[in-house]
Amino acid sequence: MKRTTIVYRALTVFAVAALFLAVIGGRFLYVQVAKGTSEHDYMAYAESQWTSEQPLHGERGTIYTSNGSAVAEEVSSYSVQAILKDDYGYEAVEDIDHTAEQLAPYIGLETNELRDMLQRGVDADRFQVELGSGSRQLTYEEKENIEDLELAGIEFKTEPRRYYPNQDFASHVVGYFDRSEDEPAMGLESSLDEYLLGSGGSYSYLRARNGVPLPGEAREMEEAYHGQDVYLTLHSHIQLAVEQALTVAETLYDPERMMAIVADPKTGEVLAMSNRPSFNPNYYQSISNHMNFTVSDHFEPGSTMKMFTMAAAIEEGVYDDEEYFQSGTYSTGYSDTPHIRDHNQGRGWGDIPYKEAMPRSANTAFARIVNDKLGADRFYEYMERFGFGRPTGIGLPMEASGLMSENDLGAIYSGFGQASAVTPIQQVQAATAIANGGDMVQPYLIDKIVNPNTGDVTYEHEPELSGQPISEETANQVKSQLRDVVYSDIGTGQPYQVEGIEVAGKTGTAQIPSEGGYLNGHNQNIFSFLGMAPYDDPELIVYVAVDRPNMPDGRSGNGAVAEIFNTVLKQSIQYLNLTSYDLDADEYQPEGIEVTDVTGSRINRAVEELQEHNLDAVVIGDGNRVEKQYPDAHEKVLAGEKIFLHTGGESIMPDFTGWSQRDVMKFGVVADLNIHVEGNGFAMNQSLEPGASLSGVETIDVAFTTDRSALDDEEESSPDEAEESSEESPTEEVEESQEEEEPVE
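Residues numbered from 1 in each chain as written. Predicted model: local features only at pLDDT ≥ 70, side-chain atom pairs only at ≥ 80, totals over all residues. Heavy atoms only, no water.

(A) Just the overall build of the protein, in detail. Along the protein, the regular secondary structure elements total 20 helices and 33 strands. For the protein, the proportion of its 745 residues judged to be buried stands at 53%. The long-range fraction of contacts in the protein, counting pairs at least 24 apart against all pairs at least 6 apart in sequence, stands at 71%. Looking at the protein as shown, the accessible area adds up to about 34,000 Å², and 45% of this sits on carbon and sulfur atoms. (Helix = DSSP H or I, 4+ residues; strand = E, 2+ residues; numbered from the N terminus. Buried < 20%, exposed > 50% of the residue type's maximum accessible area, 1.4 Å probe, protein only. Contact = heavy atoms within 4.5 Å. Areas by Shrake-Rupley, 256 points an atom, 1.4 Å probe, with all protein chains shown as cover.)

(B) Region of interest: helix α14 (residues 376–385). Turning to α14, its buried residues number three or more, namely A376, F379, Y380, Y382 and M383. Relative to the axis of α14, the buried residues are bounded by an arc of 160° and lie together on one face. Turned more than 90 degrees off the buried face of α14, the exposed positions are D377 and E384. Contacts made by the buried residues of α14 are with α11 (306–315), α13 (363–374) and α15 (408–414). (Arc of directions from axis to C-beta.)

(C) Molecular detail of the pattern of salt bridges. Under the definition given, this model contains 22 salt bridges. As a salt-bridge pair, K143 and E147 come within 2.9 Å of each other at their nearest N and O atoms. With K143 and E147 both in helix α5 (residues 140–147) and four residues apart, the pair spans about one turn of that helix. Among the residues examined, K143 registers a relative accessible area of 14% and is labelled buried. Note on E147: relative accessible area 37%, which makes it partly exposed. For the salt bridge of D297 with R257, the shortest nitrogen-to-oxygen distance reads 2.3 Å. Of this pair, D297 sits in the loop between α10 (293–296) and α11 while R257 is found in strand β11 (residues 257–263), placing the two residues 40 residues apart along the sequence. Overall, D297 belongs to the buried group, its relative accessible area being 15%. Members of the salt-bridge network, linked through shared partners, are R60, R162, E189 and D193. (Salt bridge = Lys/Arg side-chain N within 4 Å of Asp/Glu carboxyl O.)

(D) Inspection of the packing of α13 against α14 at higher detail. Two numbers describe how α13 lies on α14: the axes approach to 7 Å, and their chain directions differ by 120°. Where α13 abuts α14, its residues V370, K373 and L374 lie against A376, R378 and F379. (Axes fitted to C-alpha atoms, helices over the stretch in contact; angles between N-to-C directions.)

(E) Focus on the nonpolar core. Membership of the largest hydrophobic core comes to 96 residues, with the highest contact counts inside it found for M273, F308, M383, F386 and F388. Counting residues in each nonpolar core, the second largest holds 34 residues, with A260, L540, V568 and L569 among its members. (Core = buried A, V, L, I, M, F, W, Y, C linked by side-chain atoms within 4.5 Å.)

(F) Fine view of the sheet that holds strand β28 (residues 628–630). One open sheet accounts for three strands, arranged β27-β30-β28; its pairing is mixed. Either end of the sheet is taken by a strand with one partner, and the two such strands are β27 (616–620) and β28. Across this sheet, the average inter-strand angle for adjacent strands is 20°, counted without regard to direction. In the packing of helix α19 (residues 603–612) onto the sheet, the strands contacted are β27 and β30 (642–646), and the crossing angle to β30 comes to about 170°. (Pairing = 2+ DSSP bridges.)

(G) Region of the structure containing the environment of L569. Within the element layout of this structure, L569 appears in helix α18 (residues 558–576). Separated by 327 residues in the primary sequence, L569 and V242 place their C-alpha atoms 9.3 Å from one another. With sequence-adjacent residues up to four places away left out, L569 is seen in contact with V498, I501, V503, A533, L540 and V542.

(H) How the structure looks around the packing of aromatic side chains. What the rule picks out here adds up to 17 aromatic pairs. Both rings, one in F308 and one in F386, keep their centres 5.2 Å apart while their planes meet at 55°; by these two values the pair is tilted. One end of the pair, F308, is in helix α11; the other, F386, is in the loop between α14 and α15, with 78 residues separating them in the sequence. By relative accessible area, which is 0% here, F308 ends up buried. Residue classification places F386 among the buried positions, given a relative accessible area of 0%. (Phe/Tyr/Trp six-rings, centres within 6.5 Å; stacked < 30°, edge-to-face > 60°.)

(I) How the structure looks around the sheet that holds β11. In space, the five strands of this open sheet follow the order β12-β11-β25-β24-β21, with antiparallel pairing throughout. The outermost strands of the open sheet, each flanked by one partner alone, are β12 (270–276) and β21 (504–511). Averaged over all pairs of adjacent strands, the angle between strand axes in this sheet comes to 5°, irrespective of strand direction. Strands β11 and β12 of the sheet are contacted by helix α9 (residues 236–253), whose axis makes an angle of about 25° with β12.

(J) Seen up close, unusual backbone geometry. The omega angle of the peptide bond from A533 to P534 is -10°, so this bond is cis rather than trans. Tracing the chain through its elements places P534 in the loop between β24 (525–533) and β25 (540–547). Residue P631 follows Y630 across a cis peptide bond; omega there is 0°. Checked against the element boundaries, P631 lands in the loop between β28 and β29 (636–637). Not every positive phi belongs to a glycine, and A419 is a case in point at roughly 75°. Classification of A419 by relative accessible area gives buried; the value is 0%.

(K) The arrangement of the pairing of β12 in detail. When you tally the buried positions in β12, you get seven out of seven residues, the bulk of the element. The sheet contact formed by β11 and β12 spans six bridges and is antiparallel. What sits directly across from A260, in β12, is S274. Connecting β11 to the next strand, β12, in antiparallel fashion are six residues, including G268 with a positive phi near 90°.

(L) Quick look at a nonpolar patch on the surface. Residues L19, F20, L21, V23 and I24 make up a contiguous nonpolar surface patch of roughly 510 Å² in combined accessible area. Take I24: it is sitting in helix α1 (residues 2–34). (Patch = residues over 30% accessible without salt bridge, like charges linked within 9 Å, V, L, I, M, F, W, Y side chains within 5 Å.)

(M) Structural detail: the environment of Y319. Of note, Y319 is situated in the loop between α11 and β13 (324–326). In the structure, Y319 is positioned 54 residues away from K373 in sequence and 7.9 Å away in space, judged by C-alpha atoms. Those residues in contact with Y319 that lie beyond four places of it in its chain are M310, A313, I314, Y354, K355 and Q481. At 3.5 Å, the side chain of Y319 forms a polar contact with the backbone oxygen of Y354. A polar contact of 3.3 Å, which involves the side chain of Y319, links it to the side chain of Q481. (Polar contact = N/O pair within 3.5 Å; in protein donor to acceptor, adjacent residues only side chain to side chain.)

(N) Quick look at the packing of α11 against α14. Closest axis-to-axis distance for the α11/α14 pair is 10 Å, and the angle between their directions is 115°. By the angle between their directions, the pair α11 and α14 is classed as roughly perpendicular. When the axes of α11 and α14 are compared, the crossing they make is right-handed. Contact residues: α11 offers F308, T309, A312 and E315, while α14 offers F379, Y382 and M383. (Parallel < 35°, antiparallel > 145°, perpendicular 65-115°, else oblique. Left-handed = near helix turned anticlockwise from the far one by under 90°.)

(O) Region of interest: helix α17 (residues 472–487). Between its terminal C-alpha atoms α17 stretches 22 Å, which fits the 22 Å expected from 16 residues at 1.5 Å a residue. Among all positions in α17, only T474, A475, V478, K479, Q481, L482, V485, V486 and Y487 are buried. On its buried side, α17 packs onto α11, α12 (357–360), α16 (424–435), β21 and β24. (Expected span 1.5 Å × (residues − 1).)

(P) How the structure looks around the pairing of β11. The element β11 is largely enclosed, with a buried count of seven among its seven residues. Of the two faces of β11, the one lined by R257, M259, I261 and A263 and the one lined by M258, A260 and V262 are each fully buried. When β11 meets β25, the two strands line up antiparallel, connected through seven bridges. Each bridged residue has a counterpart across the sheet, and for V262 the counterpart in β25 is V542.

Note that all results are geometric; they support no functional claim without further evidence.
Structure, rendered in structure tokens:
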């Protein structure tokens, strides 16, 4: 009986053990086959221990001018960090005091401040520490300078940075990328973010314990996609001419603000657009003006509005250029409204024909045209046809609609440029109808958008007609009157005569509303000119406005506008290789000198040949023959302009002092250098001393100043800089000074 009990117990233990082993074995078998459990994926866990994953960055798209020059691009930048523990194969900081003393000046910190930062990291037993805002977004040159210190424990991390190589070049159009918020701000950077934004990917692989990828192992990749590239209508040379002309005027006359637009009236392409005050998008923290005045601000335009009032009267058949009217003052018929006066303090010019109204800019004539001939309803109908009161649809954020007056008295004042507020881009759009035989085209800035991942063009703009407010006959009559504004003996636009280019346009002197009326005092106005050229078949429309300039010797603010307009028009005609008809010659050829092809020539002969054509040859390299020249052969340039000749061999750094920003950038193109510029105007300082070898140099920094007196007296400035016009406004202000009354809205 006892033996039987022992057997039963043994069998029971055996059965329990067998069951246990079966359960455990089954579990092991299940895990082996299933590679895990319902709660855990052991295979995935094992792979995670031996797998490395690297993120792949999708670059933000580049913004280009029509010439293919990048104005906003993504570049590599570097951040400094200090390693405090010698783990993971890294070398740690050895001497905190020495490291802080050496590194602090390179990252914008005081020595004590950096020492405390490092010591706090050590005390907190941290592996590494970041070193403040000054240690981020460093250029390659700044990184190299720090590496030359050979400090133990100082490492770099590479990261993308949005970079604007031309600084304040069309900055309000382009906008900027806010690094602190990691998002775009202003301009096209903001409005086109969905196109420009890239998408990231990843790359994973199996590795050994030392981190080396295992050979023959499959690797997985989720591709990154770069953002789309945007091509603008902006012409890089014309935009630069505008920027330089505005910078010179800003230095000389210190106005409250300025704005300029250059457009093609046939297509609506905006070739240049700029404002002052401007800003450098690379240092957006110091921006003082966030508004793109050319599209986002509306104001009373002054007498540039008269061309559209005249167009309405001619189109309606109520205008007779031989009919006479009494100039000087005009009563609107409203008892509580003062008489409207002409700009010469209401003296007028006696009883004169209407054909003199436009060149003299007679306020009384245009008030009569609206009140006695057109009527308010028809006047407003034509202003609507010309696009006033609604956005043009140019494609820039925060475009203003303007504000048109709505009552009868407001129409009278609006007819000569008061009471209603319009934007500069609306005026440019409306002027295309006069330049274009009655066809008004929509202005635009975005030419096309290209997907760099596939090469596909995802968007392409076609010129678009935005209306036909007037007939071709009316457009030609108005254009003829605008020519008289510039060339007639009685015209207010005589300072806008440009040698060799026949110009048509209208001056404007707008009053600025203030509490209880308008600002008073000399040049307390917005001076403007809306012009087109060449007269016979306009290829360009140029609008320039200068707000309250400080003019010397009692000169009119129109002088500042003329200097900008004339310079920009001459250079634009040259760059576009346009032809026109001279007033005193049968045929006019584009101003400038055609560059001779000297590639392959011996350097001495090439220099002599260019000098014979009044061009300044700048030799790069110590070779015997010209291998490359810039500007290229057959391009048109101004007399005295620098022509860069690359001969190969060792290149020497020239002295940039007094050079224009444009010449410095041209040198960079030929010498294959990246030029980082600071400031505007004329070169003052450079990071590489004159005479130093350029061998191995990739980037140099150049500082510019708008103060010529800061440069050596013997240095000559570049002829490409916007030159001060030799024409001055008459000592007696010839343009209209509107009646100092409160405008009627």
